[in-house]
Amino acid sequence: MRRRLGVGILVLLLTGCSTGPSLETQGAVTAVPGDSHHLTIGSAGFTESDLLAQMYALLLNQSGYKTSLLTVANRELYEPALESGQIDVVPEYAATFADWLNAKTNGADAAPVGSPDLDATMTALRRLAGPRGLTVLDPGKAVDQNAFAVTTSYARAHHLKTLSDLGASGLKVRLAAGDECVQRPYCEPGLKKTYGIDITGVDPKGVGTTQAKRAVQSGQDQLVLTTTTDATLSDFGLVLLADDKHLQNADYIVPVVNRSRAGSEGVTKALGELNRVLTTADLASMNQQVDSWRRLAKDVARTYLEDKGLLK
């Protein structure tokens, strides 16, 4: 369930004075990373972000930190709050955040720096985050990136397991996706160029929406754009096709912290525990428990950490 930000807090985030150095001087910051023991964990307000924020808070609490959670469902608001220290820790997505910071730093027309190459993406992300007083911790195994699904019966009938299989089949495919798909390199142009898939049209029903999935389920469309942690694919009889040529960017989950308040080894170690165990499949399962089974994110997060032996 999404939490709404109170008006007072929203105004604070929009107008509050920064506690960190200005962007012009941040590149030269050499102070020892801070270790505040009262940390605010940010969530972007959707299920997966809530789950990650809850897990971060539980792990930090166990390590002796007091935490509070704050939902700011807009990167344009929560990223400046992270820079200023009004938010101390937030879960992010490596390639998406790298491109967002790049556009903020170098303009909307700047060439993307996020790519399918995780190492290159992380290098670019850290280069952009550092001057803003942010530290990007290491990614784990979990990745939430764009993905494409077909019905299980369609995959079985045409022997499809990968997007390369779909391209080689020569099948004509109508794609349910967002209307921007016709221009985005990871979507229609990439499917045609990288995989040779014969896209006959894009049905603008959104990314992973119920309408888009139903269109594929009914046979109106054959392929749907969703994400790798989509919790409801099985409800519609859908299955992902593997991105075997790595068209999609490396949107691995990474904790991002305000260096002056949460850049300590204690925070890094506590959050790093999650990297050892959390997988894409784990996230999809937890999303399902919240979205389909109506369990509370905090309960699902706690149960997961306990099951993995990360909470005593």
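Quick note: structure is the one above.
An account of the accompanying structure is given in this report. In this numbering scheme, every chain counts its residues from 1 along its sequence in written order. Given that the model is predicted, a residue must reach a pLDDT of at least 70 before its local features are reported, and side-chain atom pairs must reach 80 or more before they are shown or counted; all residues, however, enter totals for whole chains, interfaces and linings. Think of the side-chain values as coming from all heavy atoms in the structure, minus any hydrogens and water.

**A closer look at the overall build of the protein**
Then, number 1: Secondary structure summary: the protein contains 14 helices and 10 strands in total.
Then, number 2: Radius of gyration: over C-alpha atoms. The globule rule applied is 2.2 Å multiplied by the number of residues raised to the 0.38 power. For the protein, whose C-alpha radius of gyration is 20 Å, the value lies close to the compact-globule estimate of 20 Å for 312 residues.
Then, number 3: Taken along the three principal axes of its C-alpha coordinates, the protein extends 60 × 45 × 35 Å.
Then, number 4: Evaluated residue by residue, the protein yields a buried proportion of 50% over its 312 residues.
Then, number 5: In what follows, residue pairs with any heavy atoms lying within 4.5 Å of each other are defined as contacts. Partitioning the intrachain contacts of the protein with sequence separation of at least 6 by distance along the chain shows that 76% fall at a separation of at least 24.
Then, number 6: About 14,600 Å² of surface is accessible on the protein, with carbon and sulfur atoms providing 52% of the total.
Then, number 7: Only four residue types enter the tally: Lys and Arg on the positive side, Asp and Glu on the negative side; His and the chain ends are excluded. Just so you know, the charge point we use is NZ for Lys, CZ for Arg, CG for Asp and CD for Glu. Taking the 31 positively charged and 34 negatively charged side chains of the protein as two groups, their mean positions are separated by 3 Å. Working definition: helices are DSSP H or I runs of at least four residues, strands are E runs of at least two. Numbering for both runs from the N terminus. For each residue, the accessible area found with a 1.4 Å probe, counting protein chains only, is set against the maximum for its type, and the residue is called buried under 20%, exposed over 50%, and partly exposed in between. Note on areas: Shrake-Rupley with a 1.4 Å probe; residue coverage comes only from the protein chains shown.

**Comments concerning the sheet that holds strand E9 (residues 238-241)**
Then, number 1: Here five strands make up an open sheet; going across it, the order is E7-E6-E8-E5-E9 and the pairing mixed. One side of each edge strand has no neighbouring strand; the edge strands of this open sheet are strand E7 (198-204) and E9. Here the average twist between neighbouring strands, direction ignored, is 40 degrees.
Then, number 2: Each pair of strands is called paired provided DSSP finds at least two bridges between the two strands. Pairing analysis gives two bridges linking strand E6 (residues 172-177) to strand E8 (residues 223-227), with the strands arranged parallel. When the bridges of E8 are listed, Leu-175 appears paired with Leu-223. Helix axes are fitted to C-alpha atoms over the stretch in contact, other axes to C-alpha atoms as well, and angles between N-to-C directions run from 0 to 180 degrees.

**With respect to the pairing of strand E2 (residues 66-71)**
Then, number 1: Two elements, strand E1 (residues 38-43) and E2, share six bridges in a ladder whose sense is parallel. Within E2, the residue paired with Gly-42 across the bridge is Leu-70.
Then, number 2: Looking down the strands as they point away from the viewer, one classifies a crossover as right-handed if the path from the first strand across the helix to the second runs clockwise. Once the chain exits E1 it traverses helix H3 (residues 47-62) before rejoining the sheet at E2, and the crossover so formed is right-handed.

**Quick notes on the pattern of salt bridges**
Then, number 1: Any Lys or Arg side-chain nitrogen located within 4 Å of an Asp or Glu carboxyl oxygen qualifies as a salt bridge. Inspection of every chain in the model, using the stated rule, returns 14 salt bridges.
Then, number 2: With a shortest N-O distance of 2.7 Å, Glu-92 and Arg-75 are connected by a salt bridge. Residue Glu-92 is found in strand E3 (residues 89-93), and its partner Arg-75 is found in helix H4 (residues 75-84); the two are separated by 17 residues along the sequence. The two residues Glu-92 and Arg-75 agree in class, both being buried.
Then, number 3: Note that Lys-192 is salt-bridged to Glu-188, the shortest N-O span being 2.9 Å.

**Regarding the environment of Val-90**
Then, number 1: Its place among the elements puts Val-90 in strand E3.
Then, number 2: Each C-alpha atom of the pair Val-90 and Ser-49 lies 8.6 Å from the other, and the pair is 41 residues apart in sequence.
Then, number 3: When near neighbours in sequence (up to four residues on either side) are disregarded, Val-90 contacts Gly-42, Tyr-56, Tyr-78, Leu-82, Val-254, Pro-255 and Val-256.

**Overview of the packing of aromatic side chains**
Then, number 1: Stacked, edge-to-face and tilted are the three classes for Phe, Tyr and Trp ring pairs, Trp counted by its six-membered ring, which pair at centre distances within 6.5 Å; planes under 30 degrees apart are stacked, over 60 edge-to-face, the rest tilted. Under the counting rule described, the total for this entry stands at two aromatic pairs.
Then, number 2: Summarising the aromatic geometry, the rings of Phe-46 and Tyr-93 are spaced 6.5 Å apart at their centres and angled 25 degrees between planes, so their arrangement reads as stacked. With Phe-46 in the loop between E1 and H3 and Tyr-93 in strand E3, this residue pair connects regions lying 47 residues apart in the sequence.
Then, number 3: Taking 6.5 Å as the distance between ring centres and 10 degrees as the angle between the ring planes, the aromatic pair formed by Phe-97 and Trp-100 counts as stacked. Here Phe-97 and its partner Trp-100 are both found in helix H5 (residues 94-106), three residues apart, which amounts to about one turn of the helix.
Then, number 4: Since its relative accessible area comes to 1%, Phe-97 is described here as buried.

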